[in-house]
Every structure is written in C-alpha cells, then in structure tokens.
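As a plain string of letters, each chain reads:
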Amino acid sequence: MEGLRYVIVPGQWPEKEKESVYREVYRCWEQTWTEAFNELGKPPGFLKSDAFTRQDFIGAVFKENECLALCFYRWADPKMETFSKDSYFSNWGETHIMKLRSHGDHIIVCSNFTVAKNARRTTLGFSMKDLLMGLVAKTFLHSGAEGMTAALRRDRNVQGACGKWGAEQIAYEVPSGHGDTVELMGFFHDVIASHPPQDLSGLVEELWESRMVVLDRREVYPLAELQKAA
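This write-up is about the structure you can find in this document. Only a predicted model underlies this, so the values are computations on that prediction, with no experimental measurement involved. (Residues numbered from 1 in each chain as written. Predicted model: local features only at pLDDT ≥ 70, side-chain atom pairs only at ≥ 80, totals over all residues. Heavy atoms only, no water.)

The next subject is the packing of aromatic side chains. This structure, assessed with the given rule, holds 15 aromatic pairs. Measuring from ring centre to ring centre gives 5.6 Å for Trp 29 and Phe 52, while their planes differ by 45°; the resulting arrangement is tilted. Of the two residues, Trp 29 sits in helix α1 (residues 19–39) while Phe 52 sits in helix α2 (residues 50–53), which places them 23 residues apart along the sequence. The class of Trp 29 is buried, set by a relative accessible area of 0%. Centre to centre, the rings of Phe 140 and Phe 187 are 6.1 Å apart; their planes meet at 55°, and the pair counts as tilted. Of this pair, Phe 140 sits in helix α4 (residues 128–141) while Phe 187 sits in strand β7 (residues 181–188), and the two are 47 residues apart along the sequence. In terms of burial, Phe 140 and Phe 187 fall into one category: buried. These aromatic residues form a ring-pair network of at least three members: Tyr 22, Tyr 26, Trp 29, Phe 52 and Phe 72. Stacked on the ring of Phe 62, the Lys or Arg Arg 5 has its end atom at 4.8 Å from the ring centre. (Phe/Tyr/Trp six-rings, centres within 6.5 Å; stacked < 30°, edge-to-face > 60°. Helix = DSSP H or I, 4+ residues; strand = E, 2+ residues; numbered from the N terminus. Buried < 20%, exposed > 50% of the residue type's maximum accessible area, 1.4 Å probe, protein only. Lys NZ or Arg CZ within 6 Å of the ring centre and 35° of its normal.)

Looking now at the layout of surface pockets. The space that makes up the second largest pocket amounts to roughly 200 Å³. The wall of the second largest pocket is formed by 13 residues, among which Lys 138, Leu 141, Trp 165, Ile 192 and Ser 201 lie closest to the centre. The element that contributes the greatest number of residues to the lining of the second largest pocket is α4, accounting for 4 residues. (1 Å grid on protein atoms, 1.4 Å probe; cavity = no way out; pocket = protein on both sides within 12 Å on 5 of 7 lines; lining within 4 Å. Points joined across faces, edges and corners; volume = space filled by probe spheres on them.)

So, on to the pattern of salt bridges. For the structure on display, the rule yields 14 salt bridges. In this structure, Arg 54 and Asp 50 form a salt bridge, with 3.4 Å as the shortest nitrogen-oxygen distance. Of the residues examined, Arg 54 reaches a relative accessible area of 62% and is grouped as exposed. Exposure remark for Asp 50: the relative accessible area of 30% places this residue in the partly exposed category. Among the salt bridges present, the one from Arg 218 reaches Asp 216, with a minimum N-O distance of 2.8 Å. In this structure, a network of salt bridges that share partners links the residues Lys 16, Glu 19, Arg 23 and Arg 217. (Salt bridge = Lys/Arg side-chain N within 4 Å of Asp/Glu carboxyl O.)

What follows is the structure in structure tokens.
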C-alpha cells in the first residue's frame, strides 16, 4: 500500500537524526489517548508521558509522515515478585498469569493499542485495526518472546482482531480500572507461528520487511557506567 511504513522507536532517547519520527509517534499516542480518557470522564492531565517513555519500544504505522497507529512493548520477568505487583497486572489474577506463562517465561507486556481517529474503520480502504494487530503478531514473533499480553477494550471489539491473528483468550470482561471492561488475551509463539495467513498478511509482511528501526542514541547505559566506575 503506497505511503505506508512500519516504524519501531525506543521509549526514550531516539537517534538525533530521527527525532522527528519519535515525536510524531508520541503526538499520535498523546492525542488519541487524551481523547479516549476524556470520553471515560478522566480529569484533564490524567495522561502522563512516562507511560510512553518507560516502554522498551513502540511499533507504529505511518502513512507518509503521519503516525496513524501504534502499540507499546516492554519486557517483564515473571520470575520476579515485582511482576505480579506491576500496575499493568492489577486486574490479572494468579490463574491468568499462570496461563500467560504456560508457554515460557520470556514475556512481553503489550499495551496501549492505538488507532488514530482519522484511520479507524475502513477510512484508508482497509481495517487499520487489523493491520496493526497483524504487525503486533509479527513483532512478537521476531522479538524472542514466548508469551505476550493483551488487555483489549471490548467496546471497540479489538479482541476480535486479536483472536483473528491467533491470540488466545485468558479472561473475559475484566474491569479495566478506567470505567470500562477489557478482555485479557495472550500471544504464544508456537501458536502464532502456526496460525493460518489472514487477508492482510501480505501487507504485514511487506511492511515488516521494509521496517524502520530508530535506535536508542545512548552509547553507555547508566548502570554500565556505574559498574565501570566501581
């Protein structure tokens, strides 16, 4: 599809020469989620930027220079006690987490499934929701993870698109903590890898093969620097 591209950016510190790409991904996220929280009756300023900057990486769909859709990714270690106390898992029960870990402990927390208002339904001639979910599945397959989370708003039927690409239900209609309900689902590597192709699989493959990855510009991480000093 002409003008479309898939971009992966870090949560912080993008390469200087690609900072404008990072800023556009952030703009799309902030604008879309501010509107969503307004609809849910949240007060102004409820959305904080650290939800974005604390991610390991963000995958985004662009048309030309405009970001139209994105999703967050961060690694989490289920063997640590911090895992179950992570705010993301506040509405996950022990049995839900066990199901998430059932295929292995290399886990990615995937969140903030975002489609801009001007790219919803079939505005572009296809379902951006389906395309983004296909790219989520593709990103997961190449991440090295064995399992990945999904907590999806039922009022937008995002769980339907998730299941279409091979994700499995973990829990149905769980309170999100924001006044609506979500469906908890899991991506599992062996299941997704063997899932049959979908209508947009060709486009997903094309965008993945031509993807742009914006690197983290830090040459030395703070902990490595501290270790060196010691």
